Amino acid sequence: MIRIQEILDKVSSGNQNADLALIQKAYVYAATAHAGQTRLSGEPYLSHPLAVANTLADMGFDEPTVAAGLLHDTVEDTRASIEEIDENFGEDVADIVDGVTKISLIPFENKEEAQAENIRKMILAMSHDMRVLMVKLADRLHNMSTLDFQKAHKQRRIAQETMDIYAPLANRLGLHLLKRELEDLSFKYLKPDVYNQVDHWLDRHQVVEKQIIDKVVRLIRDLLADNQICGDVYGRIKHIYSIYKKMQSQSLTLDEMHDIMAFRVLVKDIRDCYAVLGLVHSQWRPVHGRFKDYISMPKANGYQSLHTTVIGPEGERIEIQIRTEDMHRQAEHGVAAHWLYKEKGRVNSRDLEQFSWLREIFERQGEEADSREFMHSLKMDLFKDEVYVYTPAGDVKELPEGATPLDFAFVIHTKVGQHCAGAKINGRLMPLSTELKNGDIVEIITDPVRNPNRDWLKLVKTARARSRIQRYLRTEERAHAVALGRDMLEKEGRKVSLNVGRALKEGHMALVAQDMNFDSVDELIASVGYAHITPRKVLNRLYAVLHPSEVSPAAPAAPSVKESRDASARKGEGVGISGVDSVLMRFAKCCNPVPGDPIIGYISRGMGVTVHRTDCANVANMEPERLISVHWDGGEEKPYEAGIFVMARNQQGVLAEVAATLARNNVNITGLNMDVLVDGRAKLRFTVEVRDSTQLYQLIEGIRALPCILEVVRDTEEH
């Protein structure tokens, strides 16, 4: 367990006049409040706030922030109150603790909504005090480092949330050290088999790689000395998740990976950065297309550096980053360095101009009522690198990589985006689907009669454009849904002698809407048009309002044999669907969820509910308003289809060995596809029937133990 003296030493080393008594007092208070509490690991609970405070001290934060790190769980997990924190430690510390506490203490109907709204509250808290987010990130880092003690399904859920939100958020805030740690820890639990393969591969190669690193560092240092440039050089192996991403993006195996070493050159000023770049390029051949100048055009999070990749002395590709010491501090600590000791951590308008993407998030979180839709938009904001394009007048606009002229149009103005009819890129008329590149000059052609359509959602990459298009479509679709819903109700009403039009005029439908927990009659009717509820269900309630003492003729008759069989089949699926009664349900073939997987449902008009895994790539492109909460209800045991991807040496008997392993585990094979590669490897894709995710991952471990196996993972679309 970290000792408080270590934290005090770190804080005082950065500020000799630091108020260490405040931190010491917070430590004593936290130790008393958490006395007797333990974590799942068996350690005293105090080990957690100490670890959080230590991370904040490492990042160079002020005394109130470190004190808040020590106290961040006291209000939520002990009898302490915000008033006591305020009285004992001051308003500054109390505000940070209160901000962190409020993120965690919100009641929700389901886990998906809770996750989305917690993230939303965290983003909102950033607008008041950035240090709230810093404490939350430090809290998440320590929780991830002790995730071994959680149950498997919680490990995957927490790791997925960290990979989706916290790591990209740390990246956009420039907290690269934190981002790398969060990514590797998340990857360890999301793809443990691949993580272990990369980790073991690095262990086997570390001696050779270290020799190359030492040699290159020595050569670059000599290069600096020979040219009278003051600076220092560092080399490292890239972290595990970044290696995996490179493997995926370039379709490489581990043995084909060569670009895994990164070097950093720190110099005194910008002039030396470009001088070193020239020296490096004269010493080793640069790789075409791999040079990026983030000094003249910094990233959105303020990151500045020169990046180049060259063919090194051993014929290896090596990446070299060149920056000043000030740029390095910004790169490692990002927004923490930027806001350090500035206005007590609060965001001002000038700061937000530099972090324009952050301002966009603040504004949009107030516009989007649906938390899950906000989450989807947030992910779009966090994940992309930037490109810089120009208006015809020469103004620079920053967009995410892969953005199109439609994204550019909505950046200019919402009305320009809504009436976008075409675009000229560098003077040539180009399709709206064209991906913009750095330096493009874009001119938007508008037409007042042109309006957004749903296909536009497939073209845009920015959350701003997506939210504006969806807002327009919702308005249009809602009007259509109200008209359709009324028509459906009136037609069904005539079949059972209920006059829906008269019920609307006389206010009876308002009573039905209130009884069914809708805010308005239009909301109720639109819900029928959207196929969220059936006309029969509404008419049942209407008849009950009109004739409270009678049985409704609209009530459904006893189910037919076929209907009973369908209902029985649905029950056997073992999935409960929140908020939707008696609806057809099927499992998505794209991700094949099995019991134990986190799942979500998607309502399709006329096709019931399709159940996906929450990490399914297709979920990100679905209409958020049609996503609903579903859960495994522990019904009868039955087989579920799942996919397994195997990469093996193409040797005699490999298929028989894998099949025998499946048979020993009493698993039935329902599908098999095998491809032999030119390099002597074989790709095998099995479709099998399993009881749940536990059996599936036990099966994967059993296959991995075979000597001929190179890689085995759950089959997804990315293979």
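Rules behind the numbers
Residues numbered from 1 in each chain as written. Predicted model: local features only at pLDDT ≥ 70, side-chain atom pairs only at ≥ 80, totals over all residues. Heavy atoms only, no water. Helix = DSSP H or I, 4+ residues; strand = E, 2+ residues; numbered from the N terminus. Buried < 20%, exposed > 50% of the residue type's maximum accessible area, 1.4 Å probe, protein only. Contact = heavy atoms within 4.5 Å. pLDDT = per-residue confidence, 0-100. Patch = residues over 30% accessible without salt bridge, like charges linked within 9 Å, V, L, I, M, F, W, Y side chains within 5 Å. Areas by Shrake-Rupley, 256 points an atom, 1.4 Å probe, with all protein chains shown as cover. Salt bridge = Lys/Arg side-chain N within 4 Å of Asp/Glu carboxyl O. Disulfide = S-S within 2.5 Å. Pairing = 2+ DSSP bridges. Axes fitted to C-alpha atoms, helices over the stretch in contact; angles between N-to-C directions. Core = buried A, V, L, I, M, F, W, Y, C linked by side-chain atoms within 4.5 Å. Parallel < 35°, antiparallel > 145°, perpendicular 65-115°, else oblique. Nonpolar A, V, L, I, M, F, W, Y, C, P; charged D, E, K, R; others polar.

*Asks:* I tried to follow the overall build of the chain on my own but got confused; where do I start?
*Replies:* The number of helices and strands found in the chain is 28 helices and 20 strands. The buried share of the chain, taken over its 719 residues, is 50%. Counting only contacts in the chain whose residues sit at least 6 apart along the sequence, the fraction spanning at least 24 positions is 66%.

*Asks:* Sorry, what's going on with the confidence of the model for the chain here?
*Replies:* The predicted coordinates should not be examined in detail at positions where pLDDT is low. Of all residues in the chain, 82% attain a pLDDT of 70 or more, and the chain-wide mean is 81. When the criterion is pLDDT under 50, residues 339-354 qualifies, and its contacts beyond four places in sequence or with other chains add up to 41 contacts. Predicted confidence for residues 578-582 stays below pLDDT 50, and this span has seven contacts to residues more than four positions away or in other chains.

*Asks:* Can you help me understand a nonpolar patch on the surface in this one?
*Replies:* Among the surface-exposed residues, Leu655, Ile669, Leu672, Met674 and Val676 lie close enough to one another that they form a single nonpolar patch of about 380 Å² accessible area. If one sorts the elements of the nonpolar patch by residue count, strand S18 (residues 668-676) sits on top with four residues. By secondary structure assignment, the location of Leu672 is in strand S18.

*Asks:* I would appreciate a short explanation of the environment of Met1 in the present structure.
*Replies:* The residue Met1 is located in the segment before helix H1 (4-14) in this model. On the basis of relative accessibility, which here comes to 56%, the residue Met1 falls in the exposed class. Along the backbone, Met1 and Leu46 are 45 residues apart, and their C-alpha atoms lie at a distance of 8.7 Å. Apart from the residues within four sequence positions on either side, Met1 is in contact with Leu46, Ser47 and Leu50.

*Asks:* Help me out: how do you make sense of the state of the cysteines in this one?
*Replies:* Should the sulfur atoms of two cysteines be covalently bonded, the bond is a disulfide. Counted according to the given criterion, the structure contains zero disulfides. We note that Cys591 lacks a disulfide partner, and the nearest cysteine sulfur, in Cys616, lies 3.9 Å from it. Note on Cys591: relative accessible area 7%, which makes it buried.

*Asks:* Sorry if this is basic, but what is going on with the sheet that holds strand S10 (residues 442-446) here?
*Replies:* Hydrogen bonds along the backbone pair up the strands of a sheet, which may run parallel or antiparallel. Reading across from one edge, S9-S8-S10 is the order of the three strands in this open sheet, with antiparallel pairing throughout. Each end of this open sheet is capped by a strand with a single partner; those strands are strand S9 (428-430) and S10. Here the average twist between neighbouring strands, direction ignored, is 35°. Looking at chain direction, strand S8 (residues 420-425) and S9 are connected through three bridges and run antiparallel. Its bridge partner being in S9, Lys424 is matched across the sheet by Leu429.

*Asks:* Would you mind going over the nonpolar core with me for this structure?
*Replies:* It is characteristic of soluble globular proteins that their nonpolar side chains tend to be buried jointly. Ranked by size, the top nonpolar core spans 56 residues in total, and within it Leu71, Ile85, Val93 and Met134 carry the most contacts. Among the elements that line this core, the one with the most residues is helix H9 (residues 130-145), at nine residues. Within the second largest apolar cluster, 44 residues are counted, among which are Leu224, Cys273, Trp284 and Ile322.

*Asks:* Any chance you could explain the packing of helix H2 (residues 20-33) against helix H4 (residues 63-71) here in plain terms?
*Replies:* When two helices pack together, their arrangement is given by the angle between the helix axes and the distance between those axes. Running from N to C, H2 and H4 cross one another at 5°; their axes reach a closest spacing of 9 Å. Comparing their axes, H4 and H2 come out roughly parallel. Between H2 and H4, the residues in contact are Leu22, Ile23, Ala26, Tyr27, Tyr29 and Ala30 and Glu63, Pro64, Val66, Ala67, Leu70 and Leu71, respectively. Its residues assigned to classes, the contact of H2 with H4 shows 11 nonpolar, no polar and one charged.

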